[in-house]
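Per-entry structural report
Residues per chain, in single letters:
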Amino acid sequence: VALKRMLNFNVPPVKNSTGEPVWKVLIYDRFGQDIISPLLSVKELRDMGITLHLLLHSDRDAIPDVPAVYFVMPTEENIDRMCQDLRNQLYESYYLNFISAISRSKLEDIANAAISANAVTQVAKVFDQYLNFITLEDDMFVLCNQNKELVSYRAINRPDITDTEMETIMDTIVDSLFCFFVTLGAIPIIRCSRGTAAEMVAVKLDKKLRENLRDARNSLFTGDTLGAGQFSFQRPLLVLVDRNIDLATPLHHTWTYQALVHDVLDFHLNRVNLEESAGTESTPAGARPKKKNKKSYDLTASDKFWQKHKGSPFPEVAESVQQELESYRAQEDEVKRLKSIMGIEGEDEGAISMLSDNTAKLTSAVSSLPELLEKKRLIDLHTNVATAVLEHIKSRKLDVYFEYEEKIMSKSTLDKSLLDMISDPDAGTPEDKMRLFLIYYISSAQAPSEIDLEQYKKALMDAGCNLAPLSYIKQWKAFTKMASAPTSYGNATPKPLGLFSRVMNTGSQFVMEGVKNLVLKQQNLPVTRILDNLMEMKSNPETDDYRYFDPKMLRGSDSSVPRNKNPFQEAIVFVVGGGNYIEYQNLIDYIKGKQGKHVLYGCSELFNATQFIKQVDNFDNL
């Protein structure tokens, strides 16, 4: 809503205007691009009158009779370039929108440039948009993508970090969270764990919100804020958790569609990039091997199949794709049949009466064609994506890993020793084995004895694993042991339903042979459990000493005692240090069971296990 308003020169778009939109150019930097691209397609931009969208720092030609909407971060080099645009008189008028608030001095730089370029009248509006966060789903956001290594798990947890570096990281995170609440139009009640980076974020965010509310003239939370109607009757709860409370989940192998896509494919800002295998036909001897095609697909809110199945266990997804395909084929056959009837020659009576009868059918068939083509596009897309995922599941035995890790995390009896899993040459990549071992190490109440550990290490080395991440996890475990008891992961293990019977019919696209048909049981991961305690006001040693902040109270108080004793309806969970789709899905599944309650999941960055392992990989040699 905020973006559309901005693209409409900062006035709310009128619903029923039939006139042409005002044609305009959109100029953004990489930050702006990342914010817009998951939300608005090129077609939607065009419908709003955006004919061209260009990067600020690209070579742009002058288009003197068109207004330009800028959407950029207020950085030195961006401001310089905008001043240059003014001097070169590139556009008819300039609507300057800053993703995050611009400082007074930088604003003066622009004003001076406008005066010297004699372009003051052309700068139509200057706005702080407070949109410095990326929305990936209706209920999920992530802080940034461009300089994400600046706020990464690794950056926050570096042993040699200085106080000023830490301050900078915290300010970056708080700036984005502040933008998020301005856009939401709500002041949250903040809860956080003590002694963590999350606490530093809470203190700073509380202060920033408090200062903004005190400044009555410039407060961003009064009057017609965008989200005013949304949460007016009750304030949301913001739970700030630190990634360090649970390092097993980011390493966990998963079984739901979206999380699997993120784990095994290249999935980033809602776009998945696939390498298409270049067919099986053999290349003639001596010829160059065929180049692999790269295809990218957007998995968006308008994709009904994705919305319905992104949280489903993979076998269900494979089955649904197959069903969709069959219903599509049936519809297609019907259209073909009608076509052949319509091609009737001759004037006999029977054909004529059949014609009038079928014209109606044909008209409806033709009008449903666009819908049919869209359906076909989605089926093809998900067939390709799901096939790519399935190849990983089969070649790496991911179903076995998932089931085994779930057993470890829920302390069930294991049917196969961990050493066997690690030494099995057919099961998984070295990284899969490392993930499994780290989860075992993190979840075990007592760390394995030195003798056992050496044995595991040798097996891991033999399997080709890189042992560097273990040294960090070891230190982390020793440190958290002092801080708190190990996190429990519930005790529900997935139930295998026997191998696929129904999907195994020969007509299926997906050969699921040998893949276990595992069904998930809802069990709350640590982050979800913490949310549940705080949202439902349950007393629990895990969360009883969480700090409580209310930016609306005149005096801030350092207490753990919530003033508000009622359960919350709306909550935002934000993970400082990075999040993942497994946790997001777990929260969504949890909240489904709660009537009328909503939860949003946010994180400073989104990483899959491979990216996470890379971050904890070389801590020891910094």
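The structure we're discussing is the one just above.
From a predicted model like this one, the values you see are computed outputs, not experimental measurements. (Residues numbered from 1 in each chain as written. Predicted model: local features only at pLDDT ≥ 70, side-chain atom pairs only at ≥ 80, totals over all residues. Heavy atoms only, no water.)

**Considerations on the packing of aromatic side chains**
Counted under the stated rule, the structure contains 24 aromatic pairs. Centroid distance Y130 to F178: 5.8 Å. Interplanar angle 75 degrees. Geometry classified as edge-to-face. One end of the pair, Y130, is in the loop between β5 (123-128) and β6 (134-137); the other, F178, is in helix α7 (residues 163-184), and 48 residues separate them in sequence. A relative accessible area of 4% means that F178 is categorised as buried. Taken together through their ring pairs, the aromatic side chains of Y257, F267, W306, F314, Y581, Y584 and Y601 make up a single cluster. If you follow K208 out to its NZ or CZ, it ends over the ring of F178, 5.0 Å from the centre. The aromatic ring of Y441 is capped on one face by K477, whose charged end is 5.9 Å from the ring centroid. (Phe/Tyr/Trp six-rings, centres within 6.5 Å; stacked < 30°, edge-to-face > 60°. Helix = DSSP H or I, 4+ residues; strand = E, 2+ residues; numbered from the N terminus. Buried < 20%, exposed > 50% of the residue type's maximum accessible area, 1.4 Å probe, protein only. Lys NZ or Arg CZ within 6 Å of the ring centre and 35° of its normal.)

**Here's the deal with helix α4 (residues 76-87)**
Its 12 residues give α4 an end-to-end C-alpha distance of 17 Å, which sits within 8% of 16 Å, the value for a rise of 1.5 Å per residue. Along α4, the residues that are buried comprise N78, I79, R81, M82, C83, D85 and L86. In the core, the buried residues of α4 are packed alongside β3 (63-72), β4 (91-98), α5 (104-116) and β5. Two residues or fewer after α4 comes Q89, characterised by a positive phi angle close to 50 degrees. (Expected span 1.5 Å × (residues − 1). Contact = heavy atoms within 4.5 Å.)

**Considerations on unusual backbone geometry**
Phi at Y130 takes a positive value of approximately 50 degrees, unusual for a residue other than glycine. The exposure class of Y130 is buried, given its relative accessible area of 14%. With phi around 50 degrees, L269 is a residue other than glycine that occupies positive phi space. For L269, the location among the structural elements is in the loop between β10 (266-268) and β11 (271-276).

**Thoughts on the pattern of salt bridges**
By the definition in use, this model includes 30 salt bridges. R396 is the partner of D432 in a salt bridge, and the nearest nitrogen-oxygen pair spans 2.7 Å. You can see D432 sitting in helix α16 (residues 430-443) and its partner R396 sitting in helix α13 (residues 369-396), a full 36 residues away along the chain. Comparing D432 with R396, the two get one shared label, buried. By sharing partners, the salt bridges in this structure join D263, R396, D432 and R435 into a single network. (Salt bridge = Lys/Arg side-chain N within 4 Å of Asp/Glu carboxyl O.)

**Some points on a negative patch on the surface**
A cluster of acidic residues, E76, E77, D80 and D109, forms a negative patch on the protein surface. If one sorts the elements of the negative patch by residue count, α4 sits on top with three residues. Summarising the element assignment, E76 is placed in helix α4. (Patch = residues over 30% accessible without salt bridge, like charges linked within 9 Å, V, L, I, M, F, W, Y side chains within 5 Å. Areas by Shrake-Rupley, 256 points an atom, 1.4 Å probe, with all protein chains shown as cover. Lys, Arg positive; Asp, Glu negative; His and termini not counted. Charge placed at Lys NZ, Arg CZ, Asp CG, Glu CD.)

**Thoughts on the sheet that holds strand β16 (residues 570-576)**
To summarise the sheet geometry, strands pair through backbone hydrogen bonds and adopt either a parallel or an antiparallel arrangement. What the seven strands build is an open sheet, ordered β6-β7-β17-β16-β9-β8-β15; its pairing is mixed. Since the sheet does not close on itself, it has two edges, and those belong to β6 and β15 (547-549), each with one partner. Taking each pair of neighbouring strands and ignoring which way they run, the sheet shows an average axis angle of 20 degrees. By the bridge criterion, three bridges tie β6 to strand β7 (residues 140-142) in an arrangement that is antiparallel. Opposite T135, over in β7, you have F141 as the bridge partner. The strands touched by helix α20 (residues 581-592) within the sheet are β6, β7, β16 and β17 (598-603), with β17 carrying the most contacts at an inclination of about 170 degrees. (Pairing = 2+ DSSP bridges. Axes fitted to C-alpha atoms, helices over the stretch in contact; angles between N-to-C directions.)

**Observations regarding a nonpolar patch on the surface**
Together, V366, L369 and L373 give the surface a local cluster of nonpolar side chains, amounting to about 260 Å² of exposed area. Mapped onto the elements, V366 comes out in helix α12 (residues 349-367). V366 gets classed as partly exposed once you look at its relative accessible area, which sits at 47%.

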